[in-house]
Structures are given as structure tokens and as C-alpha cells.
Amino acid sequence: ETGGLQRIFHIGRQLRQLGDLTFVLVGNRCPEASLQATRRELGEVIVMPPRERTPGLAGYWHYKLGKWRRVRPVSLANQRRFDQLLKSHDLVWFHTQEVADAFRPRQYPHGVLDFNDLLQLKLSQESELLPSGWDRWRGRLATGLARRRELAALRQFGRLAVCSETDRRLLGNPPKVGVVANGFTATADVPEHRSLRLGFIGYLDYGPNRDGLEWFAREVWPRVLAKQPKARLRLVGRISPKTALPIGDGIEPLGFVEDPADEMASWSAMVVPIRFGGGTRIKIIEAFSRGCPVVSTPAGAYGLAVESGRELLLADDSQ
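Quantities reported herein were computed from a predicted structural model and do not represent experimental measurements.

The helix and strand tally for the protein stands at 11 helices and 12 strands. Since a compact globule built from 319 residues should have a radius of gyration of about 20 Å, the 21 Å found for the protein is in line with a globular shape. Along the longest, intermediate and shortest principal axes, the C-alpha atoms of the protein span 65 × 50 × 40 Å. By the burial criterion, 42% of the 319 residues in the protein qualify as buried. Taking the intrachain contacts of the protein between residues at least 6 apart in sequence as the baseline, contacts between residues at least 24 apart amount to 58%. With the model as given, the accessible surface of the protein reaches about 17,700 Å², and the carbon-plus-sulfur share is 54%. If the 46 positive side-chain charges of the protein are averaged to one point and the 35 negative ones to another, these points end up 8 Å apart.

A word on the pattern of salt bridges. Counted under the stated rule, the structure contains 17 salt bridges. Ionic pairing is found between Glu-252 and Arg-232, a salt bridge with its closest N-O pair at 3.3 Å. Residue Glu-252 is found in strand S9 (residues 251-255), and its partner Arg-232 is found in strand S8 (residues 232-236); the two are separated by 20 residues along the sequence. Owing to a relative accessible area of 24%, Glu-252 belongs among the partly exposed residues under this scheme. Close ionic contact of Arg-234 with Glu-263 constitutes a salt bridge, the shortest N to O distance being 2.9 Å. Residue Arg-234 is found in strand S8, and its partner Glu-263 is found in helix H10 (residues 261-265); the two are separated by 29 residues along the sequence. Pair check on accessibility: Arg-234 and Glu-263 agree, each one buried. One salt-bridge network, in which partners are shared between bridges, spans Arg-197, Arg-232, Arg-234, Glu-252 and Glu-263.

Here four strands make up an open sheet; going across it, the order is S3-S4-S5-S6 and the pairing parallel. A strand with exactly one partner marks an edge of an open sheet, and here the two such strands are strand S3 (92-95) and strand S6 (177-179). Taking each pair of neighbouring strands and ignoring which way they run, the sheet shows an average axis angle of 25°. Sheet topology places strand S4 (residues 108-114) next to strand S5 (residues 157-162); four bridges connect them, and they run parallel. Bridged to Asp-114 within S5 is Ala-161. Its contacts with the sheet put helix H1 (residues 3-16) on S3, S4 and S5, and the angle it makes with S3 is roughly 170°. Sheet strands in contact with helix H7 (residues 133-156) are S4, S5 and S6, and its direction is about 135° off that of S5.

A few words on the nonpolar core. Most often, soluble globular proteins have nonpolar side chains that are buried together. Counting 23 residues, the largest nonpolar core has Phe-94, Phe-103, Phe-115, Phe-157 and Leu-160 as the members making the most contacts within it. Breaking this core down by element, the ones donating at least two residues are strand S2 (44-48), helix H4 (76-88), S3, S4, H7 and S5. Setting aside anything within four residues of it in sequence, one finds Phe-115 in contact with Gln-97, Glu-150, Ala-153, Leu-160, Ala-161, Val-162, Cys-163 and Leu-171. Among the nonpolar cores identified, the runner-up in size contains 16 residues, and Val-220, Leu-233, Ile-251 and Val-271 belong to it.

A word on the packing of aromatic side chains. All chains considered together, the criterion is met by seven aromatic pairs. Between Phe-82 and Phe-94 the ring centres are 6.1 Å apart and the planes differ by 50°, which places this aromatic pair in the tilted class. Residue Phe-82 is found in helix H4, and its partner Phe-94 is found in strand S3; the two are separated by 12 residues along the sequence. On the basis of relative accessible area, Phe-94 is assigned to the buried category, the value being 2%.

Burial within strand S7 (residues 197-201) is extensive, with four of its five residues counted as buried. Two elements, S7 and S8, share five bridges in a ladder whose sense is parallel. The partner of Gly-199 across the bridge, within S8, is Arg-234. As a crossover connection, the stretch from S7 through helix H9 (residues 207-227) into S8 is right-handed. Looking at chain direction, S7 and strand S10 (residues 269-272) are connected through two bridges and run parallel. Paired with Leu-198 across the strands is Ala-269, a residue of S10.

The subject of this paragraph is the sheet that holds strand S11 (residues 294-296). Backbone-to-backbone hydrogen bonds join strands into a sheet, with any given pair of strands oriented parallel or antiparallel. Within the open sheet, the six strands sit side by side as S9-S8-S7-S10-S11-S12. Their pairing is parallel. Of all the strands in the sheet, just S9 and strand S12 (313-314) have a single pairing partner and so form its edges. For S11 and S12, the ladder comprises two bridges, and the chain directions are parallel. Looking at S12, one finds that Val-295 is bridged to Leu-313.

To continue, consider the environment of Arg-218. Among the structural elements, Arg-218 can be located in helix H9. Taking the C-alpha atoms as reference, Arg-218 lies 28 Å from Arg-310; in sequence the two are 92 residues apart. One polar contact links Arg-218 to Glu-219, side chain to side chain, over a distance of 3.2 Å.

What counts as what
- Residues numbered from 1 in each chain as written.
- Predicted model: local features only at pLDDT ≥ 70, side-chain atom pairs only at ≥ 80, totals over all residues.
- Heavy atoms only, no water.
- Helix = DSSP H or I, 4+ residues; strand = E, 2+ residues; numbered from the N terminus.
- Rg over C-alpha atoms; globule rule 2.2 N^0.38 Å.
- Buried < 20%, exposed > 50% of the residue type's maximum accessible area, 1.4 Å probe, protein only.
- Contact = heavy atoms within 4.5 Å.
- Areas by Shrake-Rupley, 256 points an atom, 1.4 Å probe, with all protein chains shown as cover.
- Lys, Arg positive; Asp, Glu negative; His and termini not counted.
- Charge placed at Lys NZ, Arg CZ, Asp CG, Glu CD.
- Salt bridge = Lys/Arg side-chain N within 4 Å of Asp/Glu carboxyl O.
- Pairing = 2+ DSSP bridges.
- Axes fitted to C-alpha atoms, helices over the stretch in contact; angles between N-to-C directions.
- Core = buried A, V, L, I, M, F, W, Y, C linked by side-chain atoms within 4.5 Å.
- Phe/Tyr/Trp six-rings, centres within 6.5 Å; stacked < 30°, edge-to-face > 60°.
- Right-handed = clockwise from strand over helix to strand, strands pointing away.
- Polar contact = N/O pair within 3.5 Å; in protein donor to acceptor, adjacent residues only side chain to side chain.

Written as C-alpha cells, this is what we have:
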């Protein structure tokens, strides 16, 4: 459903080729159908949901420590279970710092921390979009704290993984940081005829996606309709009931689509109006694999070795 989940899936497939793999899901309840599909692809899956609080004095302090660290730790029983997994496995691969923080702080000399994106970059870009000077100052402060935290991971983990060389340079190009690029399965058939449709795909509750889509609907879409009144903007992606989608002429929300291949084949182009965020956009890589043209902001194409006018079109304003 999201680029981050696709990254986990593809990395899991690669790791399973190297040996026995135990997949630990650190999070709330997951649909049983998703768990069964994951087991078929990746093998054993252990679910460790975060706990608000466990009984007893030890559980209380475990909960308070997690609140102080601004994470929701797993239960003490799952913490002990995780300790046993560490002893019986040669390598532990964490997807994001938040997952690693769900367990007690320690050194992981045989651990890899995978940065799906760098929080320092996301906060830096987002803070520059804020309206007031006070908010921008607070954003810069948060950016500095995030950078310190991400650099500290160099001492905690044996290796770090990032999505692009650009992210690697943000961490100072240390030798223990490697690039694991995002990818997408190539499509054999590329459609030749497309209708007058633009498309957006992504998890619509995700902040950068929602911000970019709202900006596009407000600043860009009216200009498109003024020149092409019959144009349509198709929105593909899961969204929670509490999140409001942009409303306007020609905007057509489709919700989550299990296999978007046929839908994307009907688009004139994919739009990626992202204004902040790190990592690399799997939606762009998917569009390339399906032969779908792309129009993006520079932030949307961050980390990809692309050139405007050759692989895609880039624009940083509504003009």
C-alpha cells in the first residue's frame, strides 16, 4: 500500500535468499490476510504490538521510559523474546529508527538500520513551507535534533542503509553507510494510447502526499482545467475516514486499488507534487516501469538520477 512497505517487502525477499529469515512486525493489529500473504513470501512472522503499559513496577517504568523517549515500546515479554531472537540470528535488519526504538537502547554491531528516508531532510524542507517565522525556527530546531539522532545511529549500528547517494552525502559519506536503491518489477507491456487523465498514487494520509496533493488541487489543477476542461485527476490510494480529500471539478478519488496497472495505463501522466520528504519515490519508479510519463516537483524526484526533459518533467511552482 505504501512505498515504505514495498521497500520492506523487496528487502525481505533478498534477505531470505541468504538464509533463514524471521520477520518481526512491530506495530498494531495487522489484517490476517496480509499476515498470511507475508508468511507465504517471507516465512515466519512474529507480531509484537506496542503496549501502553504492562502490570507491575517494572512494567510501569518500562512504559515511562518509552514515553520519555517518545516511542511506544513493546511489552516486557516481547522484549525478552526479541533478546532470544538476537542470540539465535546472525543479523538483525531494522526498518526505520522508530522500530529499533521500540526495544531497549543497546549497541547492534551485527545490526543494519534502514533509513526509508531521513527525518532531518523532511523536517528541513517542511519547515521552510511554514507561514510564520516562529514556526520556521521551531522547524529548524527539530531538524537539528533529528540530524543529531540520525548521526548517533552511526555509533549504535554496524551498518546503515539509505535509498540514494544524496541521502548518503547528508550523513557525511561514512564507509559504514551503504545505498540500497528502491526498485519496482518491470512491466512487459507498455500501453501506447492514453486518455486525457492525470493520476496520483500514494497513501493519502501520509503528510507529504496530502500536502502536495492539496497544493496541486489548489494551485495547479485550475490552470489545467482552464486549458483542458475535460481533463480528470484520478487519485489512487488508501485514506482514513477522518482525512478530507481535495474537492473540485474533475477530481475523482478511487481509494485503494489492489492492482493499479490498468488504471495507470489510462493516464496521460502521473503527477508527483511532493514538496518535502526524503528517500526516493517508488511511485516514480513504478511509473517508469509501466511506461507512464511523470511530472514532478524537484522534491518529489529527490534522490533519483533523473534530468528534466529526458526521463520526466520537473517544475517547482504552479506556472
